[in-house]
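Examining the three-dimensional arrangement
Here is how the chains run, residue by residue.
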Amino acid sequence: MRTVAIIAAKELRDGVRNRWIVAAILLLAGLALAIAFLGSGPVGTINASRLSTTVAGLTTLSVYLVPLIALMLSYDAIIGEIERGTLLLLLSYPVRRWQVLAGKFFGHLAILILAIGIGYGLMGVAIWAMEGVKPDEVPALLNLIGSSVLLGAVFLALGYLLSTVSRERATAAGLAVALWLVLAVIYDLALLGLIVADGGRLIGEELFSALLMVNPTSAFRIHNLMQYESVSAAAGLIGPDGAANYAMASTLGSMTLWLFSAGLAAQGLFRRVDP
Amino acid sequence: MTEVGCNLDGHQILVELEKVSKRYGEHLVVSDVSLAARSGECLALLGHNGAGKTTLFKLILGLIRANKGSVRVSGAEPGSAAFHDIRRTIGFLPESVAFQDAMTGREVLEFYARLKQVPDKECDQLLKRMGLIDAASQRVATYSKGMRQRLGLAQALLGEPRLLLLDEPTTGLDPELRWHFFDTIERMRKAGTAVIISSHALSEIQAHADRYAILTKGQLAALGTLGEMKKQAGLPLRIRLTFGAGKAKGAARALDGPCNLAKVNDKHIYLNCPVAEKMSVLRMISDLKDPAQDVEIEPPRLEDLYVHFTGWERLQ
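Since this is a predicted model, take the numbers as computed values, not measurements.

The partner chain A presents 19 residues to the 21 residues of chain B that form the contact. Every element with two or more residues in the side of chain B that touches chain A is listed here: α2 (83-86), β5 (90-93) and α3 (105-115) of chain B. A class-by-class count of the residues in the side of chain B that touches chain A yields 13 nonpolar, three polar and five charged.

Below, the structure is given as structure tokens:
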């Protein structure tokens, strides 16, 4: 555990040193505040509070940004160190390989928690200070922060996996972009297109929910939009009736499953890496 | 020359490779190599780029596994669970060492010290010893090549290792730092550390190593002390005779036949002389009608042995 903590602390310090955390906080806080205060046009007369609409907007933002930030942190975690020659030295120390991966994971996770927590937290504080927040809206925001961190963790693990299978840093970067495009952008659109084309003949409601659950970013979106009445109303969704199909357990379960499978696969492959 | 008077028999074998082979795909990088390193000795690994030196280091460190043969370090198989704690007793300086540029020299060293469970206070001592204490709070990004190399050596010396593996350690160091570097190695060696050092600088390493392993294309071409390798190679002594102007030609006629003349010009004769015939050749030289003004005898150097064993023809 000591070794994992030492490596995690180093990764976190790297993140602070090279302004990674500051950049991520500014990006997330800036966009969150923009959604909160500039994006109020669409709210119009709908009976939805500012925090709820913002959480709905931030969910969509998180779907794109959190995986991107996580992949940028993780894609060169292994191959980058191999190319710089630092992994060879690190592994010559009394350090087990799983400890290297776990240390990097917890260090990067701490960076994500700080960036998302502070970025979105600042936005919550700003809304509370300006127009107040209803008590039942706070869990929605906390839930958004928590599940965004979980989504980030999934993409950290996926990034390590890409980083261990790639022979070059550039390959890992390319794969990371491709993975991001597929999971965060194309998947939902493709599914939507499929449903429209299908016209309800083959893809029933059950298969549709299953297909949504398979993708961690879709699971994340559902998790946040369907959880709370106030948020789903703000997002223009039908409300808790529709949400019944998507139990909290299965959205979180899908993401957790992704996290562990990608993490274990990365660990299994990392054991065979020649530094 | 440290080859003489070094009693190796009483020392413990720390590294032992037995018929080790390692292949990457179709490419055989290390082939059937057997060698050992004992405590208190400095073993030099010599060979061209890609001869398998770095691969040998990785095998000894347990970072890769041999396809054939066995590797043992302090009695354990590298990469096994038992080896984990033995890593604490090993210092390693990789070729062209790199660090996290955003960290300061002291932070880098403390990071590695913590991984080895060495107290932080040892870091400042090492930084002082390496002449880096004034730059300790600067980022590694601002370090020169020589400073990085010294920081690399400092991390290798953490925890007073019993086995020191150095992959081309003196590249990028100026003469003064080289001297200082070998002085440090010598002290470690005397304290009982086994040192394995790979190098291209043959004339430099000749003054510092006890034994040599010459690798070519992954195979061990020669292994032993300088004296053993000389005997094995049977290389001739080189003798250079200097004469007054125009006298060399006549002397060459007298010497030709019994001696092997390598080159003759106006003032000089270059002879190759088998070690066993040294005295008879010298007698012949002293009996010359026109005596030589000067005689220089040069025994085979490590460089000559290297050329001999790797089969690489020196550019004349």
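The next thing to look at is the nonpolar core. Counting 146 residues, the largest nonpolar core has A:Val154 and A:Ala157 as the members making the most contacts within it. A per-element tally of this core places helix α7 (residues 138-165) of chain A first, with 15 residues. Setting aside its immediate chain neighbours within four residues, A:Val154 contacts A:Pro216, A:Met255, A:Trp258, A:Leu259 and A:Ala262. B:Ile239, B:Leu271, B:Cys273 and B:Val281 belong to the second largest nonpolar core, which has eight residues in total.

Residues and elements named next belong to chain A. For the pair α7 and helix α13 (residues 248-270), interaxial distance at closest approach is 8 Å and the crossing angle is 25°. What the angle tells us is that α7 and α13 run roughly parallel. Seen along the crossing, α7 lies across α13 with a hand that is left-handed. Contact with α7, carried on its side by Leu150, Leu151, Ala153, Val154, Ala157, Leu158, Tyr160, Leu161, Thr164 and Val165, involves Met255, Trp258, Leu259, Ala262, Gly263, Ala265, Ala266, Leu269 and Phe270 of α13 and no other residues of that element. Its residues assigned to classes, the contact of α7 with α13 shows 17 nonpolar, two polar and no charged.

Turning our eyes to something else, we now look at helix α1 (residues 2-17) of chain A. End to end, α1(A) covers 22 Å across 16 residues, agreeing with the expected 22 Å (1.5 Å per residue, within 8%). Buried residues of α1(A): A:Val4, A:Ile6, A:Ile7, A:Ala8, A:Lys10, A:Glu11 and A:Gly15, and no others. Of the surrounding secondary structure, the elements contacted by the buried residues of α1(A) are α2 (20-37) and α6 (97-131) of chain A together with α3 of chain B. The first or second residue beyond α1(A) is A:Arg19, which carries a positive phi of 65°.

Moving residue by residue along a regular strand, the side chains alternate between the two faces of the sheet. All names here are of chain B. With six of six residues buried, strand β7 (residues 194-199) lies mostly within the body of the structure. On β7, burial covers both faces: Ala194, Ile196 and Ser198 on one face and Val195, Ile197 and Ser199 on the other are all buried. Bridge count for strand β3 (residues 42-47) against β7 is five bridges, and the pairing is parallel. Its bridge partner being in β7, Cys42 is matched across the sheet by Val195. Here five bridges tie strand β6 (residues 163-167) to β7, and the two strands are oriented parallel to one another. Note on β7: the bridge partner recorded for Asp167 is Ser198. Once the chain exits β6 it traverses helix α6 (residues 175-190) before rejoining the sheet at β7, and the crossover so formed is right-handed.

Residue and element names in this part refer to chain B. What the four strands build is an open sheet, ordered β11-β12-β10-β13; its pairing is antiparallel. The open sheet has two free edges, formed respectively by β11 (260-264) and β13 (294-298), since each of these has just one partner strand. Averaged over neighbouring strand pairs, the angle between their axes works out to 20° when direction is ignored. When strand β10 (residues 237-242) meets β13, the two strands line up antiparallel, connected through five bridges. Considered in β13, the bridge of Arg240 is made with Glu296. Contacts from helix α10 (residues 278-286) reach β10, β12 (268-273) and β13, with the element oriented near 155° to β12.

With that settled, consider the packing of helix α3 (residues 50-74) of chain A against α7(A). The description of two packed helices rests on the angle between their axes and on the distance between the axes. Residues and elements named next belong to chain A. Running from N to C, α3 and α7 point in directions that differ by 20°, and their axes come no closer than 8 Å. With respect to their mutual orientation, α3 and α7 come out roughly parallel. The crossing of α3 and α7 is right-handed. Among the residues forming the contact of α3 with α7, the class breakdown is 16 nonpolar, eight polar and no charged.

Moving on, we get to the confidence of the model for chain B. Residues and elements named next belong to chain B. Of the residues in chain B, 95% have a pLDDT of 70 or more, and the chain-wide mean is 87. With pLDDT under 50 throughout, residues 1-8 is counted as low confidence; its partners more than four residues away or in other chains account for 12 contacts. Predicted as a complex, the structure gets a pTM of 0.87 and an ipTM equal to 0.86.

A few words on the sheet that holds strand β2 (residues 27-38) of chain B. Sheet strands line up and pair through hydrogen bonds in the backbone, either parallel or antiparallel. All names here are of chain B. Taken together, the three strands give an open sheet; going across it, the order is β2-β1-β4, and neighbouring strands pair in antiparallel fashion. Bordering the open sheet on either side are β2 and β4 (68-73), each of which pairs with just one other strand. Averaged over neighbouring strand pairs, the angle between their axes works out to 20° when direction is ignored. Relative to β4, strand β1 (residues 13-24) is paired through five bridges, and the arrangement is antiparallel. By the bridge assignment for β4, Leu17 is matched with Val71. Against the sheet, helix α1 (residues 53-60) contacts β1, β2 and β4, and its axis sits at roughly 120° relative to β1.

Reading the values: rules and limits
Residues numbered from 1 in each chain as written. Chains lettered and ligands numbered in written order. Predicted model: local features only at pLDDT ≥ 70, side-chain atom pairs only at ≥ 80, totals over all residues. Contact = placed C-beta atoms within 7 Å. Helix = DSSP H or I, 4+ residues; strand = E, 2+ residues; numbered from the N terminus. Nonpolar A, V, L, I, M, F, W, Y, C, P; charged D, E, K, R; others polar. Core = buried A, V, L, I, M, F, W, Y, C linked by C-beta atoms within 7 Å. Buried ≥ 20, exposed ≤ 12 C-beta atoms within 10 Å, placed from the backbone. Axes fitted to C-alpha atoms, helices over the stretch in contact; angles between N-to-C directions. Parallel < 35°, antiparallel > 145°, perpendicular 65-115°, else oblique. Left-handed = near helix turned anticlockwise from the far one by under 90°. Expected span 1.5 Å × (residues − 1). Pairing = 2+ DSSP bridges. Right-handed = clockwise from strand over helix to strand, strands pointing away. pLDDT = per-residue confidence, 0-100.

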